[in-house]
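Coordinate inspection notes
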2 protein chains.
Amino acid sequence: MKKTTLLYLVLIAAFLAYAARHVYTNQVGESAFRSQELRGELGENYVMVTFLSGIEYWKSCLKGFEDAADALNVSIEYRGATQYDAREQTTVLEQIIAKKPAGIAISAIDPDSLTGVINKAVDAGIPVVLFDSGAPGSKAYSFLGTDNYAAGGSAAQQMAGLLDGKGKVAVITLPNQQNHDERTRGFQDEIKQRYPGMEVIAVEDDKGDAMVAKGLTQSLLKRYPDLAGVFVTEAAGGKGAGEAARELERAEKLHVIAFDTDKDTLDMIREGSISATIAQGSWNMGYWSLQYLFHLHHNLTIPSPAASGEVAPLPVRVDTGISVVTPENVDDYYAK
Amino acid sequence: MKKTTLLYLVLIAAFLAYAARHVYTNQVGESAFRSQELRGELGENYVMVTFLSGIEYWKSCLKGFEDAADALNVSIEYRGATQYDAREQTTVLEQIIAKKPAGIAISAIDPDSLTGVINKAVDAGIPVVLFDSGAPGSKAYSFLGTDNYAAGGSAAQQMAGLLDGKGKVAVITLPNQQNHDERTRGFQDEIKQRYPGMEVIAVEDDKGDAMVAKGLTQSLLKRYPDLAGVFVTEAAGGKGAGEAARELERAEKLHVIAFDTDKDTLDMIREGSISATIAQGSWNMGYWSLQYLFHLHHNLTIPSPAASGEVAPLPVRVDTGISVVTPENVDDYYAK
């Protein structure tokens, strides 16, 4: 009798062991089924590729890319051309393609130079999205970045506010890089259309160099002693223009509007030698780039009729937004 | 001795029961930790809200919303105003807000009427995104939809191709709904800027009704017997204009370009009474709307400085893309 009882106990315990596991498996089974779509596999590797890869600007893009990788359980790699050199970026991309990663997010050094190598990746079945700086003629599936034309317009509005809608202004930029061209055009158009008291008297090329930007600002001030403002469309130059503004011996302040939120730029906004800067949604660029690549890699995009190549499998253009940083809110923009 | 053996067996079985469960918990524990960010909780409910909620067009948006819900393990609900009635849509939204859902994706009946109730939801801490048809003055976090201005331009290019760049064309639309206004403007601007041989001779209001669109097309044909094309910016009217084109007794074909991919429209493209239609990325609108709401609800958006409200936590505008459906590719667009 006791033996039988114990036997029952063993059987009950065995059953419980089985049931506990089984119930759990069911719960897990279901959740695993449901969430498998948004979980990567071992060795699934995505690459972010930039140019001037050491600059501070990319940190926030990469943080977004990393955060998405954590959420999706995949691994990532950061690569890039160290110089401002289209051939170097092409070579880096060729090396990456050879390794057949699960996807590549690229910020293109210019609109045209990378088209061939981007198409090569897509043709090899590697998902590619562009972020920050696009290559509109390429086969990349999506572009995620600032609406740079609108951002240039916002800079013009900010400048008009600082100058009460009156005065000569100049643009310092990197010509022939699509995002910078659009910022310049947006700034020019907004001033032409809405601020008749203002005039853009020059558009200069600082080659992405703070010292060049400083020199350009100083020579502009010689040519136009009443120059009231400078809009610098690229991150490095803001510091140079700000230094020229700081050293200026004149009653009227020279208002500099910069781009991006490098520590130097933020420091100079605190100090007053830069009046404002345009902050981009760079975390979003990185985060949603990886989400898009993941969805392409796992065929989780629009099922039909994407198969026929007729409808874009992903949103074709994502405006990640901007905001204007001024002395009033600058403290919020320091990396935490 | 046997009793002891059996006792051991019970203990071993109990241990196995515990271990099996424990091992499983550990495995799950890890995956749950990693993927918890992209997995919803029990009772997490998101609502999609439209107007004219019974029309075919929303099906593909809702399919995207559903697919994202499956991937993220959350539940969804579909609601809407059955009529083309701003007050009804506002009432529906009020009812939904009272239930405090995890997020709401709204297609706004017009750019202004819902601003108050949208802001009420956001102020109550309920994430809101807009899809398909926006409300730019509201506090909604993002807009996901077609770049309707560009879509209107694409329709103009398609029309110019059909007409060899020559002839009188008309637009039939729903005035005062932002997406339709933009399609109309994009169409008009593209023709004005690029096709000097073409002229937009009328912009008419069909009130979203196929019979009205048919009548309008017929009276336009009376006023302009050489009318060469009609661009209908809204889904219902294409059928009506197509019927007028079919019944037209004239040597020259009247070319109708419609919008969206309702079965009727596709059938008439096959048959030849509609020449082309514009397909929207509606699945993407629904899919990424839910992804965005989920990320807002779980605070997975840009961590800082979004907290200060300075940078948009999500991309502010997402262009979900379009494609042109013609007799050559129409078969790909039937629901599968």
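Residues numbered from 1 in each chain as written. Chains lettered and ligands numbered in written order. Predicted model: local features only at pLDDT ≥ 70, side-chain atom pairs only at ≥ 80, totals over all residues. Heavy atoms only, no water.

**Section: the overall build of chain A**
Worth spelling out the cut-off: Each helix is a run of H or I in the DSSP string that is no shorter than four residues. Each strand is a run of E no shorter than two, and both are numbered from the N terminus. For every residue, the accessible area obtained with a 1.4 Å probe (protein chains only) is divided by the maximum for its type, and the residue is called buried under 20%, exposed over 50%, and partly exposed between those limits. In this description, contact between two residues means that some pair of their heavy atoms is separated by no more than 4.5 Å. With residues, only the protein chains shown are counted as cover, and all accessible areas are computed by Shrake-Rupley using a 1.4 Å probe.
Across its full length, chain A holds ten helices and twelve strands. Considering chain A as a whole, with its 336 residues, one finds that 56% of them fall into the buried category. Partitioning the contacts of chain A with sequence separation of at least 6, the portion at a separation of at least 24 is 72%. As presented, chain A carries roughly 14,400 Å² of accessible surface, and 53% of it is formed by carbon and sulfur atoms.

**Examining the layout of surface pockets**
Heads up, the rule is: Definitions used for this entry: grid spacing 1 Å over protein atoms alone; cavity, a set of points where a 1.4 Å probe fits but cannot get out; pocket, an open set with protein on both sides within 12 Å along at least 5 of 7 lines; lining residue, one with an atom within 4 Å of a point. Grid points are joined across faces, edges and corners, and a volume is the space filled by probe spheres set on the points. Under the grouping applied here, Gly and all other residues not named as nonpolar or charged are polar, the nonpolar ones being Ala, Val, Leu, Ile, Met, Phe, Trp, Tyr, Cys and Pro and the charged ones Asp, Glu, Lys and Arg.
Taken as a whole, the largest pocket holds about 830 Å³ of empty space. Lining the largest pocket are 20 residues, and of these A:Asp147, A:Ala150, A:Arg317, B:Asp147 and B:Arg317 lie nearest its centre. When residues of the lining of the largest pocket are traced back to their parent elements, those giving at least two are α5 (148–162) and β11 (317–319) of chain A together with α5 (148–162) and β11 (317–319) of chain B. It is α5(A) that contributes the most residues to the lining of the largest pocket, four residues altogether. Residue composition of the lining of the largest pocket, by class: nine nonpolar, three polar and eight charged.

**Quick word on the packing of aromatic side chains**
All names here are of chain B. Which entries qualify depends on this criterion: Ring geometry is summarised as follows: Phe, Tyr and Trp rings, the Trp one being its six-membered ring, pair when their centres sit within 6.5 Å, and such pairs are stacked at plane angles under 30 degrees, edge-to-face over 60 and tilted between the two.
Considering all chains together, one arrives at 19 aromatic pairs over all chains under this definition. Where Phe51 meets Trp58, the ring centres are 5.5 Å apart and the plane angle is 80°; that geometry is what we call edge-to-face. Each member of the pair, Phe51 together with Trp58, is buried. Relative to Tyr287, the ring of Trp283 lies with its centre 4.8 Å away and its plane at 15°, an arrangement referred to as stacked.

**A look at helix α2 (residues 58–72) of chain B**
Residue and element names in this part refer to chain B. Short version of the rule: In a helix, the anticipated span is given by 1.5 Å times the number of residues less one.
Between its first and last C-alpha atoms α2 spans 21 Å; for 15 residues at 1.5 Å apiece the expected length is 21 Å, and the two agree. Those residues of α2 that fall on the buried side of the exposure criterion are Trp58, Cys61, Leu62, Gly64, Phe65, Asp67, Ala68, Ala69, Ala71 and Leu72. A positive backbone phi angle near 60° is found at Asn73, which sits one or two residues after α2.

**A look at the domain arrangement of chain A**
Residues and elements named next belong to chain A. Rule in force here: Residue ranges assigned to the domains are those given by an automatic or database domain assignment. Using a 1.4 Å probe, buried area is obtained as the accessible area two parts lose upon being combined, added over both of them. Any Lys or Arg side-chain nitrogen located within 4 Å of an Asp or Glu carboxyl oxygen qualifies as a salt bridge.
Each assigned domain of chain A is listed here: domain 1 (45–146 + 282–300) and domain 2 (148–279 + 326–333). If you average the C-alpha positions of domain 1 and of domain 2, the two centres end up 29 Å apart. Facing the 13 residues of domain 1 at the interface are eleven residues of domain 2. Summing both sides of the interface, domain 1 and domain 2 together bury roughly 920 Å²; the carbon and sulfur share of this comes to 44%. Across the domain 1-domain 2 interface, the total number found is zero salt bridges.

**Quick look at the sheet that holds strand β12 (residues 322–325) of chain A**
Residues and elements named next belong to chain A. Note the threshold: Strand pairing requires that DSSP identify at least two bridges connecting the strands. For helices, the axis comes from a line fit to the C-alpha atoms of the stretch in contact; other axes are also lines fit to C-alpha atoms, and the angle between any two N-to-C directions lies between 0 and 180 degrees.
Pairing in this open sheet of six strands is mixed, and the strands run β7-β6-β8-β9-β10-β12 from one edge to the other. The two strands at the open ends of the sheet, each matched to only one other strand, are β7 (198–205) and β12. When the angles between neighbouring strand axes are averaged without regard to direction, this sheet yields 20°. With five bridges joining them, strand β6 (residues 167–173) and strand β8 (residues 227–232) adopt parallel strand pairing. Within β8, the residue paired with Lys168 across the bridge is Leu227. Contacts from helix α8 (residues 235–247) reach β8 and β9 (255–259), with the element oriented near 165° to β9.

**Observations concerning the pattern of salt bridges**
All names here are of chain A. Considering all chains together, one arrives at 28 salt bridges over all chains under this definition. With a closest N to O distance of 3.0 Å, Arg194 and Glu190 form a salt bridge. Here Arg194 pairs with Glu190, and both are found in helix α6 (residues 178–194), just four residues apart, close to one helical turn. Residues Arg223 and Glu204 are paired through a salt bridge, measuring 3.0 Å at the closest nitrogen-oxygen approach. Of the two residues, Arg223 sits in helix α7 (residues 210–223) while Glu204 sits in strand β7, which places them 19 residues apart along the sequence. Counted as one network, the salt bridges with shared partners bring together Lys214, Glu243 and Glu247.

**What about the environment of A:Leu293?**
Residues and elements named next belong to chain A. With respect to the secondary-structure elements, Leu293 resides in helix α10 (residues 282–297). Considered as a pair, Leu293 and Met211 are 82 residues apart in the sequence and their alpha carbons are 38 Å apart. Among all residues touching Leu293, those that are not within four sequence positions of it are Tyr46, Phe65, Gly103, Ile104, Ala105, Pro127, Val128 and Val129.

**Some thoughts on the sheet that holds strand β2 (residues 75–81) of chain A**
Taken together, the twelve strands give an open sheet; going across it, the order is β2(A)-β1(A)-β3(A)-β4(A)-β5(A)-β11(A)-β11(B)-β5(B)-β4(B)-β3(B)-β1(B)-β2(B), and neighbouring strands pair in mixed fashion. Here the strands that pair on one side only, and so sit at the sheet edges, are β2 of chain A together with β2 (75–81) of chain B. Sheet twist, expressed as the mean angle between neighbouring strand axes with direction ignored, is 20°. As paired strands, strand β1 (residues 45–51) of chain B and β2(B) are joined by seven bridges and run parallel to one another. Along β2(B), the bridge assignment pairs B:Asn45 with B:Ser75. Across the sheet, helix α3 (residues 86–98) of chain A touches β1 (45–51), β2 and β3 (103–106) of chain A, and the angle it forms with β2(A) is around 150°.

**Focus: the pairing of β12(A)**
Residues and elements named next belong to chain A. Side chains Ser323 and Val325 of β12 all project onto a buried face; the interleaved residues Ile322 and Val324 project onto a face where none is buried. Two strands pair when backbone bridges link them, and strand β10 (residues 276–280) and β12 are joined in this way by four bridges, in the antiparallel orientation. Of the residues in β12, the one forming a bridge with Gln280 is Ile322.

**Topic: the confidence of the model for chain A**
Residues and elements named next belong to chain A. We apply this condition: Known as pLDDT, the predictor's per-residue confidence is scaled from 0 to 100.
Averaged over all residues, the pLDDT of chain A equals 89, while 88% of them reach at least 70. Here residues 21–35 scores under 50 on pLDDT; set against residues more than four positions off or in separate chains, the count is 21 contacts. Predicted confidence is poor over residues 305–309, with pLDDT under 50, and the contacts of this stretch with residues over four places away or in other chains come to seven contacts. Scored as a whole, the predicted complex attains pTM 0.81, and scored at its interfaces, ipTM 0.80.

**Considerations on the side chain of B:His255**
Summarising the element assignment, B:His255 is placed in strand β9 (residues 255–259). Owing to a relative accessible area of 13%, B:His255 belongs among the buried residues under this scheme.

**Overview of the packing of α3(A) against helix α4 (residues 115–123) of chain A**
Residues and elements named next belong to chain A. Stated precisely, the cut-off is as follows: Roughly parallel means an angle under 35 degrees; roughly antiparallel, over 145; roughly perpendicular, 65 to 115; everything else is oblique.
Running from N to C, α3 and α4 point in directions that differ by 10°, and their axes come no closer than 10 Å. The angle between α3 and α4 places the two elements in the roughly parallel class. Contact residues: Thr90, Leu93, Glu94 and Ile97 in α3; Val117, Lys120 and Ala121 in α4. In the contact of α3 with α4, the residues fall into four nonpolar, one polar and two charged.

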